[in-house]
Number of protein chains: 4
Amino acid sequence: MTTHRFAADRWHNVLGTLPPALTVASGDTVVTETLDAGGFDRDGVKRAAEPNPMNGPIFVVGAEPGDALKVEIVRMTPARATGWTRASLAANVVDPETVRSLPPRDKANWRIDLQASTAVLDPPVPGLEHLVLPLEPMIGCFGVAPDMGQAFSTATSAENGGNMDYRGFGPGATAWFPVAVPGALFFLGDCHAAQGDGEIVGTGIETAYEVEVRLTVEKGRRLVWPRGENARDIFSVGNARPLDQALQHATTDMFEWLQNDYGLGPAAASHLMGQVVRYDIGNVFDPAYTVVCRIEKKWLPPRQG
Amino acid sequence: MTTHRFAADRWHNVLGTLPPALTVASGDTVVTETLDAGGFDRDGVKRAAEPNPMNGPIFVVGAEPGDALKVEIVRMTPARATGWTRASLAANVVDPETVRSLPPRDKANWRIDLQASTAVLDPPVPGLEHLVLPLEPMIGCFGVAPDMGQAFSTATSAENGGNMDYRGFGPGATAWFPVAVPGALFFLGDCHAAQGDGEIVGTGIETAYEVEVRLTVEKGRRLVWPRGENARDIFSVGNARPLDQALQHATTDMFEWLQNDYGLGPAAASHLMGQVVRYDIGNVFDPAYTVVCRIEKKWLPPRQG
Amino acid sequence: MTTHRFAADRWHNVLGTLPPALTVASGDTVVTETLDAGGFDRDGVKRAAEPNPMNGPIFVVGAEPGDALKVEIVRMTPARATGWTRASLAANVVDPETVRSLPPRDKANWRIDLQASTAVLDPPVPGLEHLVLPLEPMIGCFGVAPDMGQAFSTATSAENGGNMDYRGFGPGATAWFPVAVPGALFFLGDCHAAQGDGEIVGTGIETAYEVEVRLTVEKGRRLVWPRGENARDIFSVGNARPLDQALQHATTDMFEWLQNDYGLGPAAASHLMGQVVRYDIGNVFDPAYTVVCRIEKKWLPPRQG
Amino acid sequence: MTTHRFAADRWHNVLGTLPPALTVASGDTVVTETLDAGGFDRDGVKRAAEPNPMNGPIFVVGAEPGDALKVEIVRMTPARATGWTRASLAANVVDPETVRSLPPRDKANWRIDLQASTAVLDPPVPGLEHLVLPLEPMIGCFGVAPDMGQAFSTATSAENGGNMDYRGFGPGATAWFPVAVPGALFFLGDCHAAQGDGEIVGTGIETAYEVEVRLTVEKGRRLVWPRGENARDIFSVGNARPLDQALQHATTDMFEWLQNDYGLGPAAASHLMGQVVRYDIGNVFDPAYTVVCRIEKKWLPPRQG
């Protein structure tokens, strides 16, 4: 198990079948520093174009279509003492007539205290002088190349992952992606120091991060959608518009998961989901929205096989 | 402040302008026993028609259009040792082609242990023999009469509340409804012993409950949507289809709330919401879906005025 | 077969179970003059409150739940030489960010030439001096009382009809509504001198009309949604949000219709619909949108039974 | 102006930046034969993979990002005496609970009479023995490469066109696409002999066609969405899910078009659209739905500039 220090020198605005920037073995760890969503690095220097420039792709030896790529998010360390957000709710998250009274979508600056692990608006905004947010880092955009030679903008998400903007994808969490091309071709970037549900101003606190991930091939998992796990939960991720369809994808995936891996029949899976499921909204801003269907592991029967 | 013991002897399947069953003063407490969603009482006797028969309406003296009716959920005590659910995911929460493989929407029975405050499937379902759910009671359907002489089925929800099926409406929570008619005309029923997010099998654990609520008029609040509060959070409730629109309603309402009651400008309200907001899905089953926009009180500036 | 001249002296803003204003026999004709959507009569006098004040209800003797009320629109004669519209696209029909650049929702006046049967903006609007619209009258809002004691605002629509704003409901067309209460309780109003698809400025050309309709009970039809017919087509109407669900309702209803009344199996009904169906969008402005699924009669097999 | 006979020998399942198969000058005409949606050629031989294999890409000299590619559909001649469809409504176009009673999604065969220009089910389906459909050919999937190196499956559609499945894209119609890469990179395929609105069985009558198109670069048009024109109408095309968003895109594009090219102010554009616009549903089956916003040319003011 090798640890690779991967210093990207070019970045991508799509997840697609592109020449690998790094090749690793299954089980290897990668440490890499990401640009912020606008392409600015740890020194505030613009290094790449918007939106959400990606490090990668990383070719994982042995990954083939039908496998899953397991991504353990080992560590996220902020690399810059500033971050930025947008200063207005996005037009699509309020009632249409209310859009007329939204403020301009200006950029706002946040000061990140790397010692205290907090963020504050800088300069302060009247009424929010008290607001000191603890850092809750997350990877906004990561995933693998889609099938058939498709290539998707890093502004959006799909079965292959991408710009899901889910708070749950932080240190300690594990993600799985359905591998669609040889080597999986893993991309990551767009890290947030904090973010509310839905990314409803169109950003989290956007900044540069050093990220450590462990990449492992799991053979023949035949996933359809991204999945995840943390100390408390397992979860399925649906990416689509509208929210109703994203929720259908995530719910269907969890329904299949409980039947295939936990030995439940369809009625038992329904019973369990009906009474214990939790939904999170990853983002409701990007072209595809993200809904997460989540179950605490304490409710699960033993895993089969 | 009087406590009224209200024994309903007729029930309603709409929230509308109907003759009051009880008249109370602002600040009074009402203790009443509700039927389950199918109209069955504490003894399992069918007393009223589906869906979701309501106790009420309760006329609150002094309530006028433009006021808010504050409803403190003081206590919910299960009144029956059995509950029921449906045994299949609802067709609208899975991918359309998956509907072909859903199980039948049979009724399943749960045994409620009133001492231990738990519920188990009875008879057990293979694979879920271990599943012992703690009771987390909630009011599925409550609210006030809508304006203009409208009357809405207790299967759905709107600005006036109704069948929101939100887990957050349990003991210790407070709800506010926009008063649209003199006396507010408050209805309640359809209590659940537990329920997952979204009510995705179309039911929680449906049973009879004794509910204690305190009803208080707050003058001139001019609410548009139901709101709520508990020890940790304040929240706005949007009821509509699709989820996207329910979320727009809830988000818009929170945006207004922060500006009107907490003295934030639109940019400050956007900043706060963007980084700390949480969304819950009440139900994604009824004709109108319910989305809740929630903020922890620790993030709020001091309340104005 | 009697013809009733019905002069309304009160109007309603809901479709619900209200005291009949007129009782007629099945097969009778009613001639009545409607107010415009804002409650103004033929002389421009405000007679009733917004939205969409209704004439009625009309009790049709013999109509029982499970029957259909057939409404033949015999004639619509404009009763006023002026109409009005809104001067801006509705906020919900454009991309959310575009709302910021919409014009104000001012009221605009149209001059109706009763001889020429045309309408022009008055005063003229720069760039549209050439625009002379032929009158294409339609009933914006009509239907019957819903079931269970429900009562719905005339701003919206549902299984019982209501504010569907479909161009196809003009002279020569026949509509059927599912009867939910004894006597059906028929309401009508909100006539338009012309309207584009979707009612995307939130109005057609709103004016007062004299309307002649023939009301006939058809026993035991067991409709779920409104249906219609004209010289060329049969059509099913779905009312819901979003458009996707309105379309599902209309499509499902046509699918049932072809099987039940035209003797087609589900595969044959699918084949026919797949290759010849047409969709119209009634309105995409009201709380519930309206989608129409339409088939030219020349493609239909002979009607059964 | 050259006419190119282009015999494809490889096909693509994405619209993306791929090596050109043919290079033409602006104004040139291309005659090419397309495979059906399943990859079968004029002889029924499988030549390429599903879905919707494309001929192309065709590099049009002089086309640059910001230009429009004008595509005149000069002629479509059926190349095979058979076509196929699916025998069931798609699960997503009916009410979710109705999916349980849909027939299997079998393939059905149609016999195409090249002389009479008609199509009939073969073998006949009971109840539809009378059904003889006139051919109304259309291009199901065509468009240009998207920007940023993206590549989209031919199952879906976006700003660059793609699988729009709109009946209006037949002989005599002109389409415009926003050019995003040098040479535009034009693709086409998936022709239908006939199709109802919405492509609600998931197919039109799928067959091989010889298509003649004229490709012309229009400099600096700065389109966002595809547009079209025929003898009667101009129209804007929105591709997205849900229908509500596709409609917003098409409506916004028409609103911009009337202001930029026809000299109308926003209120005048609203007035015209509000009273004369027509909506068509291209498809309501693919991952992105297609809604068309259409205006008869007789209502338009003179074109500016």
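By the naming in an unreviewed UniProt entry, chain A goes by Acetamidase and is assigned to Plantimonas leprariae.

Colleague: Before we move on, could you go through the overall build of chain A and cite the residues and values that matter?
Modeller: For chain A, the helix and strand inventory stands at two helices and 21 strands. Taking 19 Å as the expected radius of gyration for a compact globule of 305 residues, we find that chain A reaches 19 Å, a close match to that expectation. Overall, the C-alpha framework of chain A stretches about 55 × 45 × 35 Å when taken along its three principal axes. Taking all 305 residues of chain A together, 67% fall into the buried category. Approximately 9700 Å² of chain A is accessible, and the part contributed by carbon and sulfur atoms is 51%. Averaging the locations of the 26 positively and 36 negatively charged side chains of chain A gives two centres separated by 2 Å.

Colleague: Which residues make up the interface of chain D and chain A, and what values do they have?
Modeller: Across the contact, 12 residues belong to chain D and 12 residues belong to chain A. For the pair chain D and chain A, the two sides together bury roughly 940 Å², of which 61% comes from carbon and sulfur. Contact with chain A buries surface across chain D, with Met148(D), Ala151(D) and Arg241(D) losing the most and accounting together for 43% of the total. The tally of links from chain D across to chain A stands at zero salt bridges. Summed over the shared surface of chain D and chain A, the number is five residue pairs in polar contact (both at pLDDT 80 or more). Classifying every residue of the side of chain D that touches chain A gives six nonpolar, five polar and one charged.

Colleague: Describe the interface of chain B and chain A, naming the residues involved and giving the relevant values.
Modeller: By a widespread convention, an interface's size corresponds to the accessible area lost as its parts come together. In this complex, chain B contributes 65 residues to the contact, which on the side of chain A involves 65 residues. Here chain B packs against chain A, burying approximately 5200 Å² in sum over the two surfaces, 64% of which is carbon and sulfur. Where chain B meets chain A, there are zero salt bridges. Here chain B and chain A share 22 residue pairs in polar contact (both at pLDDT 80 or more) between them. Of all the elements in the fold, those that place two or more residues in the side of chain B that touches chain A are strand 7 (82-86), strand 8 (107-113), strand 10 (133-134), helix 1 (243-262), helix 2 (266-276) and strand 20 (278-281) of chain B. Along the lines of polarity and charge, the residues of the side of chain B that touches chain A split into 40 nonpolar, 18 polar and seven charged.

Colleague: Just give me the short version of the relation of the copies chain D and chain A, but keep the residues and values in it.
Modeller: Expressed as a screw operation, the relation of chain D to chain A combines 0.0 Å of axial shift with a rotation of 180°, fitting to an RMSD of 0.0 Å. Both chain copies can therefore be described as sitting about a two-fold axis. Measuring from the rotation axis to each C-alpha of chain D, the shortest distance belongs to Ala151(D), at 2.3 Å. Counting the interface residues of chain D, we find that 100% of their copies in chain A are interface residues as well, pointing to one common contact surface.

Colleague: Explain unusual backbone geometry to me, and be specific about the residues and the numbers.
Modeller: The amide bond that connects Glu50(B) to the next residue, Pro51(B), takes the cis arrangement and shows omega of -10°. The topology assignment puts Pro51(B) in the loop between strand 4 (28-34) and strand 5 (54-60). A cis amide bond, omega 5°, links Asp122(D) with the succeeding residue Pro123(D). Relative to the helices and strands, Pro123(D) is located in the loop between strand 9 (118-121) and strand 10 (133-134). Despite not being glycine, Ser117(A) has its phi angle at roughly 60°, a positive value. Topologically, Ser117(A) is positioned in the loop between strand 8 (107-113) and strand 9 (118-121). Positive phi outside glycine occurs at Asp165(D), with the angle close to 55°.

Colleague: Describe the relation of the copies chain B and chain A, listing the residues and the values that go with them.
Modeller: Structural alignment of chain B on chain A gives an RMSD of 0.0 Å, achieved by rotating through 180° and translating 0.0 Å along the axis. A shared interface surface links the copies, since 100% of the contact residues of chain B are contact residues in chain A too.

Colleague: Give me the side chain of Gln150(B): which residues, what numbers.
Modeller: Topologically, Gln150(B) is positioned in the loop between strand 11 (138-144) and strand 12 (152-153). Take Gln150(B): its relative accessible area is 9%, and that puts it in the buried class. A polar contact is formed between the side chain of Gln150(B) and the side chain of Asp147(B), at a distance of 2.8 Å. A polar contact is formed between the side chain of Gln150(B) and the backbone nitrogen of Ser153(C), at a distance of 3.2 Å. Those residues within four positions of Gln150(B) in sequence are excluded, and the remaining contacts are Leu15(B), Gly16(B), Thr17(B), Val14(C), Ala151(C), Phe152(C) and Ser153(C).

Colleague: How would you summarise the pattern of salt bridges if you had to cite specific residues and measurements?
Modeller: Overall, the coordinates contain 71 salt bridges over all chains when judged by the stated rule. Of the charged contacts in the structure, one is a salt bridge between Glu210(B) and Arg75(B), with a shortest N-O distance of 2.9 Å. Here Glu210(B), found in strand 17 (residues 209-218), pairs with Arg75(B), found in strand 6 (residues 68-78); they are 135 residues apart in sequence, far enough to count as distant. Residues Arg75(C) and Glu212(C) are paired through a salt bridge, measuring 3.1 Å at the closest nitrogen-oxygen approach. Placement of Arg75(C) in strand 6 (residues 68-78) and of Glu212(C) in strand 17 (residues 209-218) is noted, with a sequence separation of 137 residues between them. Using a relative accessible area of 17% as the deciding quantity, one classes Glu212(C) as buried. Taken together, the shared-partner salt bridges in this structure form one network comprising Arg5(A), Arg75(A), Glu210(A) and Glu212(A).

Colleague: An account of the environment of Leu215(D) is requested, with residue identities and associated values reported.
Modeller: All names here are of chain D. With respect to the element layout, Leu215 can be found in strand 17 (residues 209-218). Relative accessible area serves as the criterion here: at 0%, Leu215 is assigned to the buried category. Counting along the chain gives 70 residues from Leu215 to Ala145, while the straight-line C-alpha distance between them is 15 Å. When neighbours within four sequence positions are excluded, Leu215 is seen to be in contact with Val24, Ala25, Ser26, Gly27, Asp28, Val30, Ile58, Val60, Leu69, Lys70, Val71 and Phe186.

Colleague: Any chance you could break down the domain arrangement of chain A for me, citing the residues and the numbers?
Modeller: All names here are of chain A. What the domain assignment lists for chain A is domain 1 (3-81 + 135-218) and domain 2 (227-299). The C-alpha centroid of domain 2 is placed 22 Å from the C-alpha centroid of domain 1. In this assembly, 22 residues from domain 1 lie in contact with 19 residues from domain 2. Regarding the contact of domain 1 and domain 2, the summed buried area is about 1500 Å², with carbon and sulfur atoms giving 52% of it. Taken together, the links from domain 1 to domain 2 amount to zero salt bridges. Our enumeration of links across domain 1 and domain 2 arrives at 12 residue pairs in polar contact (both at pLDDT 80 or more). For the side of domain 1 that touches domain 2, the secondary-structure elements that each account for two or more residues are strand 13 (157-158), strand 14 (161-163) and strand 15 (174-178). Looking at the side of domain 1 that touches domain 2, the element that brings in the most residues is strand 15, giving three residues.

Colleague: Account for helix 2 of chain B, with residues named and values stated.
Modeller: Among the 11 residues in helix 2 of chain B, nine count as buried, and that is most of the element. Listed as buried for helix 2 of chain B are Ala268(B), Ala269(B), Ser270(B), His271(B), Leu272(B), Met273(B), Gly274(B), Gln275(B) and Val276(B).

Colleague: Kindly report on the sheet that holds strand 10 (residues 133-134) of chain A, identifying the contributing residues and their values.
Modeller: Consider a sheet: its strands pair through backbone hydrogen bonds, and that pairing is either parallel or antiparallel. Residue and element names in this part refer to chain A. Read from one edge of the open sheet, four strands run 7-8-9-10, paired in antiparallel fashion. Strand pairing shows two members of the sheet lacking a second neighbour, strand 7 (82-86) and strand 10, which therefore form its edges. Summarising the sheet, strand 7 and strand 8 pair through five bridges and their orientation is antiparallel. Paired with Thr85 across the two strands is Ala108, which belongs to strand 8.

Colleague: Mind laying out the sheet that holds strand 9 (residues 118-121) of chain B, listing which residues take part and the relevant values?
Modeller: Spatially, 7-8-9-10 (chain B) is the arrangement adopted by the four strands of the open sheet, whose pairing is antiparallel. Two strands bound the open sheet, and with one partner strand each, they are strand 7 and strand 10 of chain B.

Colleague: Kindly report on the environment of Ala49(A), identifying the contributing residues and their values.
Modeller: Topologically, Ala49(A) is positioned in the loop between strand 4 (28-34) and strand 5 (54-60). Put simply, Ala49(A) and Gly38(A) are 11 residues apart on the chain and 6.9 Å apart in space, counted from C-alpha to C-alpha.

Colleague: Help me get a handle on the state of the cysteines, residues and values and all.
Modeller: Residues and elements named next belong to chain C. In the structure shown here, the tally under the stated rule is zero disulfides over all chains. Free cysteine Cys141: the closest other cysteine sulfur is in Cys191, separated by 9.7 Å. Here Cys191 falls in the buried class, since its relative accessible area comes to 0%.

Colleague: Quick one: what's the story with the packing of aromatic side chains, residue by residue and with numbers?
Modeller: Applying the stated rule across the entire model yields 24 aromatic pairs over all chains. Relative to Phe186(C), the ring of Phe142(C) has its centre 6.3 Å away and its plane inclined at 75°; by these criteria the two rings are edge-to-face. Taken together, the residues Phe142(C) in strand 11 (residues 138-144) and Phe186(C) in strand 16 (residues 186-192) connect sequence positions 44 residues apart. Taken individually, Phe142(C) and Phe186(C) each receive the classification buried, so the pair is uniform in this respect. Ring geometry for Phe142(D) against Phe169(D): centres 5.0 Å apart, planes inclined by 75°, an arrangement best described as edge-to-face. Here the residue Phe142(D) occupies a position in strand 11 (residues 138-144), and Phe169(D) occupies one in the loop between strand 14 (161-163) and strand 15 (174-178), the gap between them amounting to 27 residues. In terms of burial, Phe142(D) and Phe169(D) fall into one category: buried. Aromatic ring contacts, followed pair by pair, group Phe142(A), Tyr166(A), Phe169(A), Phe177(A), Phe186(A) and Phe235(A) into a single cluster. The ring centre of Trp84(A) lies 4.1 Å from the NZ or CZ of Lys107(A), which sits over that ring.

Scoring rules and cut-offs
- Residues numbered from 1 in each chain as written.
- Chains lettered and ligands numbered in written order.
- Predicted model: local features only at pLDDT ≥ 70, side-chain atom pairs only at ≥ 80, totals over all residues.
- Heavy atoms only, no water.
- Helix = DSSP H or I, 4+ residues; strand = E, 2+ residues; numbered from the N terminus.
- Rg over C-alpha atoms; globule rule 2.2 N^0.38 Å.
- Buried < 20%, exposed > 50% of the residue type's maximum accessible area, 1.4 Å probe, protein only.
- Areas by Shrake-Rupley, 256 points an atom, 1.4 Å probe, with all protein chains shown as cover.
- Lys, Arg positive; Asp, Glu negative; His and termini not counted.
- Charge placed at Lys NZ, Arg CZ, Asp CG, Glu CD.
- Contact = heavy atoms within 4.5 Å.
- Buried area = accessible area lost by both parts, 1.4 Å probe.
- Salt bridge = Lys/Arg side-chain N within 4 Å of Asp/Glu carboxyl O.
- Polar contact = N/O pair within 3.5 Å; in protein donor to acceptor, adjacent residues only side chain to side chain.
- Nonpolar A, V, L, I, M, F, W, Y, C, P; charged D, E, K, R; others polar.
- Least-squares fit on C-alpha atoms with pLDDT ≥ 70 in both.
- Domains from an automatic or database assignment.
- Pairing = 2+ DSSP bridges.
- Disulfide = S-S within 2.5 Å.
- Phe/Tyr/Trp six-rings, centres within 6.5 Å; stacked < 30°, edge-to-face > 60°.
- Lys NZ or Arg CZ within 6 Å of the ring centre and 35° of its normal.

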